[in-house]
Amino acid sequence: VENLLRIDYPDFEIVFVDDGSKDNTFKNIEAQYGNNPKVKVFTKPNGGKASALNYGIGFASGDILVCIDADTVLKPDAISLMIPYFSDPMVAAVAGNVKVGNRKNLLTRWQSIEYITSQNFDRRAFDQMNAIMVVPGAIGAFRRDAVQKVGMFTTDTMAEDCDLTLRLLRSGYKVHTCNEAYAYTEVPETLNMLVKQRSRWTFGIMQSFWKHHDKMFVRTTPNLGWIVLPNMLVFQLILPVLSPLVDLTLLISLFLPKGGIIVALYFGYYFLDLIISAMAFRFDGERLTFRGAYNLFLQRILYRQVLWFVLVKGYLRAIKGELAAWGFLKRTGNVETV
């Protein structure tokens, strides 16, 4: 809240929603900011993030809604940079640039590489085709009327941000990204917490894809039917399952007569990936150092095994008909703007 009060946008309000927390969050916030004219503080029985967002929207008075997570801080100019996109009446949402704010260990540095080289970099390209898959929950701006028209945030998936983005696209709205609007979020610092978070993300993507699969290859919404949904299916749900075969092929090739060719191709692909990643870092206002290149190599080998495990776990849960839970992620408050 203190961070948000420093934003440079001239006319704003902060709607704080405590979703039935069991600690003193609501009391602390109400005591410190309850008398601030720019802050509205509310609490409600626990119902999940989507219900908390909808509850807060009910008390918001602005035409533009900026939704963020409690573990996220914004650069002071982030809101001001996102608002101009809404001068186009067909723009329903704008994604900000989520960066890792707690680069404290190898695992969080790997996640930082993932955010820069995958999520943020990809979003730049998909912006050109109005095919952004998800406006991130950590920082996303929405046109209030559009959100209400498509039914607000829903509770039938574990990825309410992805589902809302897809519903806006299938309704014919435009979704953009503003990569200069920086938000620094706290990512899991332990492997156990990462698996919990990604299990929810993965299961939510599965649910969102299945919820909207009827638009697959539909010509009335070509951006959704021919780009977004096929991309989700191929690159989010199919190819990651096959990723261990790449490393397995490398290991087997070491014992083959002409295995050196496969080894050369393997490292050749890594150097191509390194060049693309360096571009992604540059576009994101950062520089890929030698240490970063080393971490990138380790991340591509080890980190993808973790994501493979999470995806397989999600498939098994879906086959059994089990539902995923939000789970509890321990927060440390280590977020820094870098």
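Residues numbered from 1 in each chain as written. Predicted model: local features only at pLDDT ≥ 70, side-chain atom pairs only at ≥ 80, totals over all residues. Heavy atoms only, no water.

### Digging into the overall build of the protein
(1) Moving on: Counting its regular elements, the protein contains eleven helices and seven strands.
(2) Moving on: Taken over C-alpha atoms, the radius of gyration comes to 21 Å for the protein, in line with the 20 Å a tight globule of 338 residues would show.
(3) Moving on: When its C-alpha atoms are laid out on the principal axes, the protein stretches across 75 × 45 × 40 Å.
(4) Moving on: Taking as baseline every contact in the protein between residues at least 6 positions apart, the subset at least 24 positions apart corresponds to 78%.
(5) Moving on: Carbon together with sulfur atoms contributes 62% to the accessible area of the protein, which is approximately 17200 Å² in total.
(6) Moving on: With 37 positive and 31 negative side-chain charges, the protein shows a separation of 5 Å between the mean positions of the two kinds. (Helix = DSSP H or I, 4+ residues; strand = E, 2+ residues; numbered from the N terminus. Rg over C-alpha atoms; globule rule 2.2 N^0.38 Å. Contact = heavy atoms within 4.5 Å. Areas by Shrake-Rupley, 256 points an atom, 1.4 Å probe, with all protein chains shown as cover. Lys, Arg positive; Asp, Glu negative; His and termini not counted. Charge placed at Lys NZ, Arg CZ, Asp CG, Glu CD.)

### Overview of the sheet that holds strand 3 (residues 64-68)
(1) Moving on: Across the sheet, five strands lie side by side as 3-6-5-7-4; this open sheet has mixed pairing. With partners counted over all chains shown, the strands left at the sheet margins are strand 3 and strand 4 (72-74), one partner each. Between one strand and the next, the sheet's axes are offset by a mean angle of 35°, whatever the strand orientation.
(2) Moving on: Where strand 3 lies against strand 6 (residues 139-143), five bridges are found, and the strand directions are antiparallel. Along strand 6, the bridge assignment pairs Val66 with Ala141.
(3) Moving on: Packed onto the sheet, helix 4 (residues 106-127) meets strand 5 (91-100) and strand 7 (174-185) and runs at close to 155° relative to strand 5. (Pairing = 2+ DSSP bridges. Axes fitted to C-alpha atoms, helices over the stretch in contact; angles between N-to-C directions.)

### Examining the pairing of strand 2 (residues 39-44)
(1) Moving on: Sheet topology places strand 1 (residues 14-19) next to strand 2; six bridges connect them, and they run parallel. Pairing of Asp19 across the sheet is with Lys44, part of strand 2.
(2) Moving on: Between the parallel elements strand 1 and strand 2, the chain passes through helix 1 (residues 25-33) in a crossover that is right-handed. (Right-handed = clockwise from strand over helix to strand, strands pointing away.)

### Side note on the packing of helix 8 (residues 222-242) against helix 11 (residues 290-320)
(1) Moving on: Between helix 8 and helix 11, the shortest axis-to-axis distance is 9 Å and the interhelical angle comes to 115°. In this structure, helix 8 crosses over helix 11, and the sense of that crossing is left-handed. Residues Gln236, Leu237, Ile238, Pro240 and Val241 of helix 8 form the contact with helix 11, whose participating residues are Trp308, Leu311 and Tyr315. (Left-handed = near helix turned anticlockwise from the far one by under 90°.)

### Comments concerning a nonpolar patch on the surface
(1) Moving on: On the surface, Val234, Phe235, Ile238, Leu239, Leu242, Leu245, Leu248, Leu251, Ile252, Leu254, Phe255 and Leu256 cluster together into a nonpolar patch covering about 1200 Å² of accessible area.
(2) Moving on: Looking at the nonpolar patch, the elements that each hand over two or more residues are helix 8 and helix 9 (244-253).
(3) Moving on: The element contributing the most residues to the nonpolar patch is helix 8, with five residues.
(4) Moving on: Secondary-structure assignment places Ile238 in helix 8.
(5) Moving on: Ile238 gets classed as partly exposed once you look at its relative accessible area, which sits at 39%. (Patch = residues over 30% accessible without salt bridge, like charges linked within 9 Å, V, L, I, M, F, W, Y side chains within 5 Å. Salt bridge = Lys/Arg side-chain N within 4 Å of Asp/Glu carboxyl O. Buried < 20%, exposed > 50% of the residue type's maximum accessible area, 1.4 Å probe, protein only.)

### Considering unusual backbone geometry
(1) Moving on: With a phi angle near 65°, Met152 is a residue other than glycine that sits in the positive phi range.
(2) Moving on: Within the secondary structure layout, Met152 lies in the loop between helix 5 (144-149) and helix 6 (160-170).
(3) Moving on: A relative accessible area of 18% places Met152 in the buried class.
(4) Moving on: In this structure, Phe217 is a non-glycine residue whose phi angle is positive, near 60°.
(5) Moving on: Using a relative accessible area of 46% as the deciding quantity, one classes Phe217 as partly exposed.

### Structural notes on helix 11
(1) Moving on: Counted at 1.5 Å a residue, the expected span for helix 11 with its 31 residues is 45 Å, and the 45 Å between its end C-alpha atoms agrees.
(2) Moving on: If you look at helix 11, its biggest bend is around 40°, right at Gln299.
(3) Moving on: Once helix 11 finishes, Gly321 follows within two positions and takes phi at roughly 80°, a positive value. (Expected span 1.5 Å × (residues − 1). Bend = angle between axes of the 7 residues up to and from the residue.)

### Points about the nonpolar core
(1) Moving on: Phe142, Phe153, Leu168, Val228 and Met232 are the most contacted members of the largest nonpolar core, which has 41 residues in total.
(2) Moving on: Setting aside residues up to four positions removed in sequence, Phe153 forms contacts with Ala50, Leu53, Asn54, Ile57, Cys67, Phe142, Glu160, Leu164 and Arg167.
(3) Moving on: Membership of the second largest hydrophobic core comes to 27 residues, among which are Ile7, Tyr33, Met82 and Cys178. (Core = buried A, V, L, I, M, F, W, Y, C linked by side-chain atoms within 4.5 Å.)

### Concerning the layout of surface pockets
(1) Moving on: Taken as a whole, the second largest pocket spans an internal volume of roughly 220 Å³.
(2) Moving on: In terms of lining residues, the second largest pocket is bounded by 13 residues, among which Arg103, Arg109, Phe281, Gly292 and Asn295 are the most central.
(3) Moving on: Going through the elements one at a time, helix 4 and helix 11 are the ones with two or more residues in the lining of the second largest pocket.
(4) Moving on: Ranked by residues supplied to the lining of the second largest pocket, first place goes to helix 4 with four residues.
(5) Moving on: Per-class residue counts for the lining of the second largest pocket are four nonpolar, four polar and five charged. (1 Å grid on protein atoms, 1.4 Å probe; cavity = no way out; pocket = protein on both sides within 12 Å on 5 of 7 lines; lining within 4 Å. Points joined across faces, edges and corners; volume = space filled by probe spheres on them. Nonpolar A, V, L, I, M, F, W, Y, C, P; charged D, E, K, R; others polar.)

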